[in-house]
Amino acid sequence: MKYVCEPCGYVYDPALGDPDGGIAPGTKFEDIPEDWVCPVCGVSKDMFVQE
């Protein structure tokens, strides 16, 4: 299941994670720390919607 940042369209894919943001591949969206932000526009995790 992928998640999309509503403001900028960045797609978080759990299979890829966000290595630059410290999120390992295989990390479920719900397991990402609450202080993680979109690597493109910097908004908080609550601005993402399930795709």
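Presented here is a report on the structure given in the accompanying data block.

Scoring rules and cut-offs
Residues numbered from 1 in each chain as written. Predicted model: local features only at pLDDT ≥ 70, side-chain atom pairs only at ≥ 80, totals over all residues. Heavy atoms only, no water. Helix = DSSP H or I, 4+ residues; strand = E, 2+ residues; numbered from the N terminus. Rg over C-alpha atoms; globule rule 2.2 N^0.38 Å. Buried < 20%, exposed > 50% of the residue type's maximum accessible area, 1.4 Å probe, protein only. Contact = heavy atoms within 4.5 Å. Areas by Shrake-Rupley, 256 points an atom, 1.4 Å probe, with all protein chains shown as cover. Salt bridge = Lys/Arg side-chain N within 4 Å of Asp/Glu carboxyl O. Polar contact = N/O pair within 3.5 Å; in protein donor to acceptor, adjacent residues only side chain to side chain.

**Quick notes on the overall build of the protein chain**
Across its full length, the protein chain holds 0 helices and 3 strands. From first element to last, N terminus to C terminus, the protein chain shows the α and β order β-β-β. Here the C-alpha atoms of the protein chain give a radius of gyration of 9 Å, agreeing with the 10 Å that 2.2 N^0.38 yields for 51 residues. With respect to the principal axes defined by its C-alpha atoms, the protein chain has extents near 25 × 20 × 15 Å. Burial analysis of the protein chain (51 residues in total) assigns 33% to the buried set. Taking the intrachain contacts of the protein chain between residues at least 6 apart in sequence as the baseline, contacts between residues at least 24 apart amount to 43%. A total accessible area of about 3200 Å² is found for the protein chain, and carbon and sulfur atoms account for 53% of it.

**Thoughts on the pattern of salt bridges**
The final tally for this structure, using the stated rule, is 2 salt bridges. As a salt-bridge pair, aspartate 13 and lysine 2 come within 3.8 Å of each other at their nearest N and O atoms. Of this pair, aspartate 13 sits in the loop between strand 2 (11–12) and strand 3 (48–50) while lysine 2 sits in the segment before strand 1 (3–5), placing them 11 residues apart in sequence. Residue classification places aspartate 13 among the buried residues on the basis of a relative accessible area of 17%. Here glutamate 34 ties to lysine 45 by a salt bridge, and the two come within 3.4 Å at their closest N and O atoms.

**Things to note about the side chain of lysine 45**
In this structure, lysine 45 sits in the loop between strand 2 and strand 3. Assessed through its relative accessible area of 8%, lysine 45 is described here as buried. Within the structure, the side chain of lysine 45 is placed 3.1 Å from the backbone oxygen of phenylalanine 29, a separation counted as a polar contact. In terms of polar contacts, lysine 45 uses its side chain to reach the backbone carbonyl oxygen of isoleucine 32, at 2.7 Å.

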